[in-house]
2 protein chains.
Amino acid sequence: MNNTIETILNHRSIRSFTDQLLSSEEIHTLVESAQAASTSSYVQAYSIIGVSDQDKKRELSVLAGNQPYVEHNGHLFVFCADLYRHKALAEQKGEDITELLENTEMFMVSIIDAALAAQNMSIAAESMGLGICYIGGIRNELDKVTKVLETPDHVLPLFGLVVGHPANTSGKKPRLPKQAVYHENVYDSSEENFRKNMNEYDQTISNYYKERTNGQRVETWSDQILQFMKQKPRTYLNQYVKDKGFNKQ
Amino acid sequence: MNNTIETILNHRSIRSFTDQLLSSEEIHTLVESAQAASTSSYVQAYSIIGVSDQDKKRELSVLAGNQPYVEHNGHLFVFCADLYRHKALAEQKGEDITELLENTEMFMVSIIDAALAAQNMSIAAESMGLGICYIGGIRNELDKVTKVLETPDHVLPLFGLVVGHPANTSGKKPRLPKQAVYHENVYDSSEENFRKNMNEYDQTISNYYKERTNGQRVETWSDQILQFMKQKPRTYLNQYVKDKGFNKQ
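What you are looking at is a predicted structure, and each value in this text was computed from that prediction instead of being measured.

Chemist: What is the right way to look at the packing of aromatic side chains in this model?
Modeler: Working definition: an aromatic ring pair is given by the centre-to-centre distance plus the angle between the planes. Enumeration according to the criterion identifies 19 aromatic pairs over all chains in this entry. Their ring planes at 70 degrees and their centres at 5.4 Å tell us that B:Y134 and B:F159 sit as a pair that is edge-to-face. Separated by 25 residues along the polypeptide, B:Y134 in strand β3 (residues 131–135) and B:F159 in strand β4 (residues 155–164) bring together distant segments of the chain. Both residues of the pair, B:Y134 and B:F159, count as buried. Here the aromatic residues A:F107, A:F246, B:F107 and B:F246 are joined through ring pairs into a cluster of three or more. Positioned above the aromatic ring of B:Y42, the side-chain terminus of A:K173 is 4.1 Å from the ring centre. Above the ring of B:Y209, the side-chain terminus of B:R217 is found at 3.9 Å from the ring centroid.

Set out below in C-alpha cells:
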C-alpha cells in the first residue's frame, strides 16, 4: 500500500482544531490541488470561497447549526456550484444561454465538479497532516449564507470544508460492507442479500458505538438513517435552488 | 511537495489504455478507497457498479457517444446516486419516507456522496500508476443505461469512471486562473476582474492548443464553453431523474 492510499484509508472527520491558522502557502497548495480535479467538458463549474474573516466564520457557524469547529479551525472553505462565469461570458458575446444553464444536467454537472475539487482538497490536506470536516450544515439556511458570502445568482453554496491542525483525533467509522455498495455488472437488488448486508452492518455499527461509549450508545445504522430522515431535511431547497437559477427545467 | 500532492497535481485524463485488466486486488483497493470518503450524515447514498462484461461495456460505450475507451480499459466503474437502501430499510420498519427521499436536498446529498467517493478512487488509481477518465457521456441516454445495469428506482447512474494502464499519456490542461475560482471572504463578481481573468485564461488556452496542434487549433476557453452550451445538453434529465424518484419536491 502506498502513502496516498494509506492517507485515503485513514480518513476520519476532525471536529476539533488548534488555533494555528493555515499559511497562505498551504491555502495555495490546497486550492491548486482542488483545481487539478477532473471537470465535466472542461466547464469548471464551481468556485471556492475561503473565509478568514472571524465574524463571517462565527455567523456561518451559527447558521450551520452551532458547530464550533466552523468558527475555530485553520481555514474555512465554502464550495459553490458556479455557472455565473458561463452566463457572463455568453452575455459578453450577445448570447443568452440562461435556459441551458437552468437545466438539471448543468445543476448535476456543477455539483459533481465542486465535489471532485473538494475531495482533492481533502486528500491533499490530509496528506499534509491536516484534518478536515465537510459542513453540509450550511444548507440549513442558504438564503442567509448567500448574504454572508455575497454570492450572486447562478452561484450556489453547496457545503463547507473546514481544514486545520487536529486538536484531537476521532475514530474511523466503519463503512457499509463492500458487497452492499459494489455491484458486479448489474445492480443486485435481491432482498435476501440486502437483508444479510444490512443485518451484518447494523451489528458492526452497534458494536462500534458500544465499545466507544461503554455500552451507552447501541444504535444501528438503520436506526440512525431512519432518525435522520424523519427530520425532513431541508425541504425548502427545491424552490431555493430554482430561485438562484439552477435546476429549473 | 509530498507524493500525494504530486499525484493530484499531475492529473490528466487518460483516453487510451493497454489490454491489461485490473486485478481483483486492485479493484478491491479502489473500492475500499472510494468508500473511505466523507459522506453526508453517514448516509452513504451511492453505489458503484463495476462492469467487466464485455458486451455491456460495448453497449455503454455506444450509449456514451461511441467513446472507445469506455469499452477498452482496465475496468469500468459506474457511480450511482443511491437512495434505494434507505427506502428499503424504512419499508422494513413500516415507515414511508418516500417523500423525503424525493426532495432536492437528498438529490444533492447523493450526488455529492457519489462524487467524493469517485474522486477518492481516482486519486487512489493514479497513485498506483493507473490512468483514469470520467465518463459523463452515460447521461446521454440514461433510460438505456439503467436497463443495461438493471438499476431500480431510487438509483441513478451519474457518471462512469474508466481506469486502466495508460497506453499513452496526454497533456495537462491548464485550469482557470486561481483568482477566478478562489474568492476571499465574499464572492468577487466585479466585471473588471472577471474580464481580466477571462482574457488571461483565454490567451493561455489558445496558446495551449496552438502549441499542441502546430497552430491548427486556436480556440479559447470562452469559445469552447459557448460551443458546448449551444448543444443544449441533456434537457430530458429534469423529467428523467424525477421518474426515477429523485429531485421531485
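Next comes the rest of the account.
Chemist: Would you mind showing me how to read helix α11 (residues 221–230) of chain A here?
Modeler: Among the 10 residues that make up α11(A), 7 are buried, leaving the element largely enclosed by the rest of the structure. Within α11(A), burial applies to A:W221, A:S222, A:Q224, A:I225, A:L226, A:F228 and A:M229. In this structure, the buried side of α11(A) is in contact with α10 (191–212) of chain A together with α5 (84–92), α6 (98–101) and α7 (104–127) of chain B. For α11(A), the N-terminal capping position is held by A:T220, with its side-chain oxygen 3.4 Å away from the main-chain nitrogen of A:S222. Residue A:K232 follows α11(A) closely and has a positive phi angle near 50 degrees.

Chemist: Whenever I open this one, the side chain of A:E71 confuses me. Can you help?
Modeler: Residues and elements named next belong to chain A. You can see E71 is positioned in helix α4 (residues 68–71). For E71, a relative accessible area of 14% gives the class buried. Polar contacts involving the side chain of E71 include one to the side chain of R58, which spans 3.0 Å. Ignoring sequence-local partners within four residues, the contact set of E71 consists of Q54, K57, R58 and S61.

Chemist: Teacher, can you tell me more about the relation of the copies chain A and chain B here?
Modeler: Expressed as a screw transformation, the operator carrying chain A onto chain B has a rotation angle of 180 degrees and an axial translation of 0.0 Å, and the superposed copies differ by an RMSD of 0.0 Å. These values place the two chain copies in the arrangement generated by a two-fold rotation axis. The C-alpha atom lying nearest the rotation axis in chain A is that of A:T4; the distance is 2.6 Å. Comparing contact sets, 100% of the residues at the interface of chain A also lie at the interface in chain B, consistent with an isologous, same-surface contact.

Chemist: Which parts of the structure should I look at to understand the environment of B:R195?
Modeler: With respect to the helices and strands, B:R195 occurs in helix α10 (residues 191–212). For the pair B:R195 and B:M108, spaced 87 residues apart in sequence, the C-alpha separation works out to 31 Å.

Chemist: Honestly, the sheet that holds β3(B) in this entry has me stumped. Any pointers?
Modeler: Two pairing modes exist for strands in a sheet, parallel and antiparallel, and in both the strands are linked by backbone hydrogen bonds. The 5 strands are arranged β5(A)-β1(B)-β2(B)-β4(B)-β3(B) in an open sheet whose pairing can be described as mixed. Both edges of this open sheet fall to β5 (182–184) of chain A together with β3 of chain B, since each of them pairs with a single strand only. Across the sheet, the axes of successive neighbouring strands diverge by a mean angle of 25 degrees, strand direction being ignored. Helix-sheet contacts for helix α8 (residues 142–149) of chain B involve β1 (46–51), β2 (75–82) and β4 of chain B, and the interaxial angle to β4(B) is about 75 degrees.

Chemist: Help me understand the domain arrangement of chain A in this model?
Modeler: How big an interface is tends to be stated in terms of the accessible area lost upon association of its parts. For chain A, the assigned domains are domain 1 (3–170 + 232–243) and domain 2 (178–218). Distance between the C-alpha centres of domain 1 of chain A and domain 2 of chain A: 30 Å.

Chemist: Which parts of the structure should I look at to understand the nonpolar core?
Modeler: Ranked by size, the top nonpolar core spans 178 residues in total, and within it A:F77, A:L156, B:F77 and B:L156 carry the most contacts. Ignoring any residue separated from it by four or fewer positions in sequence, one finds A:L156 in contact with A:F79, A:C80, A:A81, A:F107, A:L142, A:Y240, A:V241, A:K244, A:F246 and B:M108.

Chemist: I tried to follow the interface of chain A and chain B on my own but got confused; where do I start?
Modeler: Each side of the interface is counted separately: chain A has 118 residues, and chain B has 118 residues. Around 10,300 Å² of area is buried between chain A and chain B when both sides are counted, 64% of it from carbon and sulfur atoms. At the boundary of chain A with chain B, the tally comes to 8 salt bridges. Its salt-bridge partner being B:E95, residue A:K230 comes within 3.1 Å of it at the nearest N-O pair. At the surface where chain A touches chain B, the tally comes to 62 residue pairs in polar contact (both at pLDDT 80 or more).

What counts, and where the lines are drawn
Residues numbered from 1 in each chain as written. Chains lettered and ligands numbered in written order. Predicted model: local features only at pLDDT ≥ 70, side-chain atom pairs only at ≥ 80, totals over all residues. Heavy atoms only, no water. Phe/Tyr/Trp six-rings, centres within 6.5 Å; stacked < 30°, edge-to-face > 60°. Helix = DSSP H or I, 4+ residues; strand = E, 2+ residues; numbered from the N terminus. Buried < 20%, exposed > 50% of the residue type's maximum accessible area, 1.4 Å probe, protein only. Lys NZ or Arg CZ within 6 Å of the ring centre and 35° of its normal. Contact = heavy atoms within 4.5 Å. Polar contact = N/O pair within 3.5 Å; in protein donor to acceptor, adjacent residues only side chain to side chain. Least-squares fit on C-alpha atoms with pLDDT ≥ 70 in both. Pairing = 2+ DSSP bridges. Axes fitted to C-alpha atoms, helices over the stretch in contact; angles between N-to-C directions. Domains from an automatic or database assignment. Core = buried A, V, L, I, M, F, W, Y, C linked by side-chain atoms within 4.5 Å. Buried area = accessible area lost by both parts, 1.4 Å probe. Salt bridge = Lys/Arg side-chain N within 4 Å of Asp/Glu carboxyl O.

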